[in-house]
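Understanding the architecture of this molecule
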Amino acid sequence: MGGDWQELAQAAVIGLLFAFLVAKLISTVIAFKEDNLRITRSTPTSPSAADTPAAPAPPPASLDGGHGDTSDGSGSDSDSDWEGVESTELDEEFSAASAFVAASAASGTSVPEQAQLQLYGLYKIATEGPCTAPQPSALKLKARAKWNAWHKLGAMPTEEAMQKYITVVDELFPNWSMGSSTKRKDEDTTVSASSSKGPMGPVFSSLMYEEEDQGNDSELGDIHVSAREGAIDDIAKHLAAGVEVNMRDSEGRTPLHWAVDRGHLNSVEILVNANADVNAQDNEGQTALHYAVLCEREDIAELLVKHHADVQIKDEDGNTVRELCPSSWSFMNLAN
Amino acid sequence: MAAPNNNDAAAGASASATTSEPAPEDTSIEALARRVQEHMTLASNPTARRHKFWETQPVGQFRDAADSSLPDGAIEPPTPLSEVRADPYPLPAAFEWYTCDLDDDALLTDLYALLAHNYVEDDENMFRFNYSPAFLRWALRPPSFFRAWHIGVRARESKKLVAFISGVPARIRARDDVVRMAEINFLCVHKKLRSKRLAPVLIREVTRRVHQENIWQAAYTAGVVLPTPITTCRYWHRSLNPKKLIDVGFSRLGPRMTMSRTVRLYKLPEAPLTPGFRQMELRDVAAVTRLLRAYLAKFVVAPDFDEMDVEHWLLPREDVVDSYLVESPETHEVTDFCSFYTLPSSVLNNANYATLKAAYSYYNVSTKTPLQQLMNDALIVAKQKNYDVFNALDVMENESFLKELKFGPGDGQLHYYLYNYRIRNGIKPSELGLVLL
């Protein structure tokens, strides 16, 4: 019973301590963001407000999943810092890491001195650039050690310093980012340099939907799917299992049509060698060669012609493949 | 493919709009009502986060969306020119301001390279805009342009161009008010310098230089929601070369659809169908100006083009801007007009293609030929010239032809903004007559 009581008390103490640390972290992160989120090298003194005409600067672009436990966009000022407009993921993560380190220091967490100095140097590079301050007197041991930590990094680029800083924090506190508002990419620990959505200017837009049959609900057999995907082993299995090599889907297309359509030369060879009908027509009167021509599959078209595909067949629109094909395909003129 | 951008803050703000009755004899009640309204607006728009900076700027605020008593027009009056800051804003020590002279071919090449490598990409980083040097000269040097508004930042030691922003002057009409504005565009910071926060300084600097010319309003677009869009448009795309578009990932092929059927679906006639359809020439400037001014008068916000503007913006330039008109074979009267500009994109990480050639619908006026037929002819000539895709926003009357001509919706939304100019309640895309590049 005494042991149970001790465990319970210990859990309670740990819980209280954790709650205290989390609260302290949150308040420190908020204060840090307010005071320190602007990180530039050798920032000149900014002009007074009375001297500043208005400028249309947009607010920071928020990261996907960037709202963690410590960040509440609907009431807090902590994420309204417009100067973060050009923050990258790296920048956000560095800010969170350095805020965490500050919170840890405030709560008395022990960090090896060598790591402290390393973090100090990296932080200075990231926020102020290369060390140009004069070397402190040898009598000021701590100041000199800090100066050395900064100075020895030379002209390290800002981004490299930020990345190394994050790496060191990761090593010291492997779970530090779990409570952070910065979401780490799962498979890539190197933060991408690609631009987030810009603060101003045009937008690149792509088509949002797949090309689909309007009003049609095509049905494909398994061998058609394999031919469409160019899965030559599966095609061979279907044929060995006795599936008809010229089996039609609901639109009258054979596996050969599908293999040609998606440009799978190997699949076409397998099907043709299995005596697929090279002149089979789908419900619109189109042969595999029509497909090859429309989809500009020149190598496949040449293979089909070698296997005596008929260039004279007309589809329902009255087109033969010769009428549809690029004039540069000389082998088409040699066909029967 | 990227998910659609569902920023509906502006629409949500409108949905929550209620009229607050003015009570001049009891200001405390009015203040309380406004505060309640502000909270309601914010509560109904999770994406309309607080914008500390923007709330100090002369732009429409989300909280004002409900207040129909606020007048249209300038939000702040002009400042005396003597009070406009005389010196450029300070930059970090390693950088210096550099006004770009686009007559200098070497400089133009540097600007082209900066944009080609660092400018806008899609959400999945598969494409990046690749404005051509000739396009940049066209876009940045309209009549009466200011060289001082072509603002570069370069590294002090290497003299390498690392950032850029531009403004060009324009007369833009908002309802009945013709306003001298700056159109702000091409804000670009080198990828390696995104952490140095050059963008806000660039925006302040271009604003300062615009003010020095006694111009106090601006128009700009963005892909993100800021306080407060005057309207939000969507891009629509018409495949011209579907095989290539599918190969590079611009569009996709469903599992039951064949490439063959897709190619046939988007096939176009060999030549334009409308008698008298031909390319615009210098002698057509007066007629096109007449047509365009009459047409743009229908819209709430539109450019106020004169003949010099039309000559610059719409007279064809190879691989930059193309314009066509319909001249009646009998009377030789110019009755209709259409145009598109050329904006290629680099295709990143594709083995077969390096560039996507896109046409963007510009200004289109139909008086005799139905608009759908006119635009079909535009698609035909774009296909003839080997464009891969034809893009159009759902502005002006474009919505009337998009579906019939087989345009599909894109995943990109474009928000339009005016700086220091309020338009009560915003406008619909179909009320917008302004196309920014």
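Just above sits the structure.
Computed from a predicted structure; not experimentally measured.

The next subject is the overall build of chain A. Looking only at helices and strands, one finds 13 helices and one strand in chain A. The N-to-C order of helical and strand elements in chain A reads α-α-α-α-α-β-α-α-α-α-α-α-α-α. Put simply, chain A has 336 residues, and 43% of those count as buried. A separation of at least 24 residues holds for 73% of the contacts in chain A among residues at least 6 apart in sequence. In the structure as shown, chain A presents an accessible area of about 17,300 Å², 51% of it carried by carbon and sulfur atoms.

Residues and elements named next belong to chain B. Counted under the stated rule, the structure contains 31 aromatic pairs over all chains. Where F146 meets W149, the ring centres are 4.5 Å apart and the plane angle is 40°; that geometry is what we call tilted. In terms of burial, F146 and W149 fall into one category: buried. Sitting over the face of the ring of Y89, R85 holds its NZ or CZ atom 4.6 Å from the ring centroid. The ring of W97 carries R209 above its face, with NZ or CZ at 5.9 Å from the centroid.

All names here are of chain B. Of all 13 residues in strand β5 (residues 177-189), 10 are buried, a share of seventy percent or more. Sheet topology note: the strand β4 (residues 161-174)/β5 ladder contains 11 bridges and is antiparallel. Residue R173 lies in a different strand from β5, and its bridge partner there is V178. With three bridges joining them, β5 and strand β6 (residues 217-222) adopt parallel strand pairing. Note on β6: the bridge partner recorded for M181 is Q217.

Moving on to the environment of P142 of chain B. All names here are of chain B. Structurally, P142 can be placed in the loop between α4 (133-140) and β3 (150-155). For the pair P142 and E311, spaced 169 residues apart in sequence, the C-alpha to C-alpha distance is 9.7 Å. Non-local contacts of P142, meaning those with residues more than four positions away in its chain, are made with V168, P169, H312 and W313.

Roughly 710 Å³ of internal volume is contained in the second largest pocket. Along the walls of the second largest pocket sit 25 residues, with E296 of chain A together with L240, V263, K267 and K383 of chain B positioned nearest its centre. Among the secondary structure elements, those contributing two or more residues to the lining of the second largest pocket are α10 (288-294) and α12 (321-324) of chain A together with α6 (242-248) and α10 (371-384) of chain B. Across the lining of the second largest pocket, the residue classes break down as 14 nonpolar, three polar and eight charged.

Residue and element names in this part refer to chain B. Taken in spatial order, the three strands line up as β2-β13-β14 in an open sheet, and their pairing is antiparallel. Each having just a single partner strand, β2 (127-129) and β14 (355-356) make up the two edges of the open sheet. Summarising the sheet, strand β13 (residues 345-347) and β14 pair through two bridges and their orientation is antiparallel. Counterpart to S345 in the pairing with β14 is L356.

So, on to the pattern of salt bridges. Residue and element names in this part refer to chain B. Per the stated rule, a full pass over the model turns up 28 salt bridges over all chains. The shortest N-O distance in the salt bridge between R278 and E327 comes to 2.7 Å. With R278 in strand β9 (residues 277-279) and E327 in strand β11 (residues 321-327), this pair connects stretches of sequence that are 49 residues apart. The exposure class assigned to R278 is buried, which follows from its relative accessible area of 18%. For E327, a relative accessible area of 15% puts it in the buried group.

With that settled, the discussion passes to helix α8 (residues 285-296) of chain B. Residues and elements named next belong to chain B. For α8, which comprises 12 residues, the first-to-last C-alpha distance of 16 Å matches the rise-based estimate of 16 Å (1.5 Å per residue) to within 8%. For α8, the full list of buried residues reads V285, A287, V288, T289, L291, L292, Y295 and L296. Close packing links the buried residues of α8 with β4, β10 (301-303), α9 (307-314), β11, β12 (334-342) and β16 (365-366).

This brings us to the packing of helix α3 (residues 113-128) of chain A against helix α5 (residues 158-172) of chain A. Residue and element names in this part refer to chain A. Put simply, α3 and α5 touch, their axes get as near as 8 Å, and they point 150° apart. The angle between α3 and α5 falls in the class roughly antiparallel. The hand of the α3/α5 crossing is left-handed. On α5, the residues touching A115, Q118, L119, L122, Y123, I125 and A126 of α3 are T158, A161, M162, K164, Y165, V168, V169 and L172. Considering only residue class, the contact of α3 with α5 consists of 12 nonpolar, two polar and one charged.

This part is about the nonpolar core. Ranked by internal contacts, the top residues of the largest apolar core, which has 83 residues, are W138, F186, L314, Y341, Y362 and Y363 of chain B. The element best represented in this core is α8 of chain B, accounting for seven residues. The residue makeup of this core includes at least three contributed by each of domain 1 (53-220) and domain 2 (230-429) of chain B. Counting residues in hydrophobic clusters, the runner-up holds 33 residues, among them M200 of chain A together with I151, A163 and V189 of chain B.

Rules used in this analysis
- Along each chain, the written sequence defines residue order, and numbers are assigned to residues from 1.
- The lettering of chains begins at A and the numbering of ligands begins at 1, in the order of writing.
- Two thresholds apply to this predicted model, a pLDDT of at least 70 for residue-level local features and 80 or more for giving and counting side-chain atom pairs, whereas whole-chain, interface and lining totals are computed over all residues.
- Each side-chain value is worked out from all heavy atoms of the structure, with water and hydrogens disregarded.
- The way it works is that DSSP assigns letters per residue, a run of H or I at least four long becomes a helix, a run of E at least two long becomes a strand, and they are numbered from the N terminus.
- Buried residues are those whose accessible area, probed at 1.4 Å on protein chains only, stays under 20% of the maximum for their type, while exposed residues exceed 50% and partly exposed ones sit between those limits.
- The contact rule is simple, with two residues in contact once any of their heavy atoms fall within 4.5 Å.
- Areas reported as accessible are Shrake-Rupley estimates using a 1.4 Å probe. Residue values count occlusion only from the protein chains shown.
- Pairs were defined over the aromatic rings of Phe, Tyr and Trp, the Trp ring being its six-membered one, requiring ring centres within 6.5 Å. Orientation was assigned from the angle between planes: stacked under 30 degrees, edge-to-face over 60, tilted for the rest.
- Here, a charge over a ring means that NZ of Lys or CZ of Arg falls within 6 Å of the ring centre while also lying within 35 degrees of the ring normal.
- Paired strands, as defined in this entry, are two strands with at least two bridges between them according to DSSP.
- Only protein atoms enter the 1 Å grid, on which a cavity is a set of points fitting a 1.4 Å probe that cannot get out and a pocket is an open set with protein on both sides within 12 Å along at least 5 of 7 lines, lining residues being those with an atom within 4 Å of a point.
- Grid points are joined across faces, edges and corners, and a volume is the space filled by probe spheres set on the points.
- Note that Gly is not counted as nonpolar here; it falls among the polar residues with everything else outside the nonpolar set of Ala, Val, Leu, Ile, Met, Phe, Trp, Tyr, Cys and Pro and the charged set of Asp, Glu, Lys and Arg.
- Whenever Lys or Arg places a side-chain nitrogen within 4 Å of a carboxyl oxygen from Asp or Glu, that contact is recorded as a salt bridge.
- Multiplying one less than the number of residues by 1.5 Å gives the expected span of a helix.
- Fitting a line to C-alpha atoms yields each axis, with helices limited to the stretch in contact; the angle taken between N-to-C directions then spans 0 to 180 degrees.
- Angle categories are assigned with fixed cut-offs, so that under 35 degrees is roughly parallel, over 145 is roughly antiparallel, 65 to 115 is roughly perpendicular, and the rest are oblique.
- By definition, turning the near helix anticlockwise from the far helix through less than a right angle yields a left-handed crossing, and turning it clockwise yields a right-handed one.
- As used in this record, nonpolar core signifies buried Ala, Val, Leu, Ile, Met, Phe, Trp, Tyr and Cys residues forming a set joined through side-chain atoms within 4.5 Å.
- Segment limits for the domains were obtained from an automatic or database-derived domain assignment.

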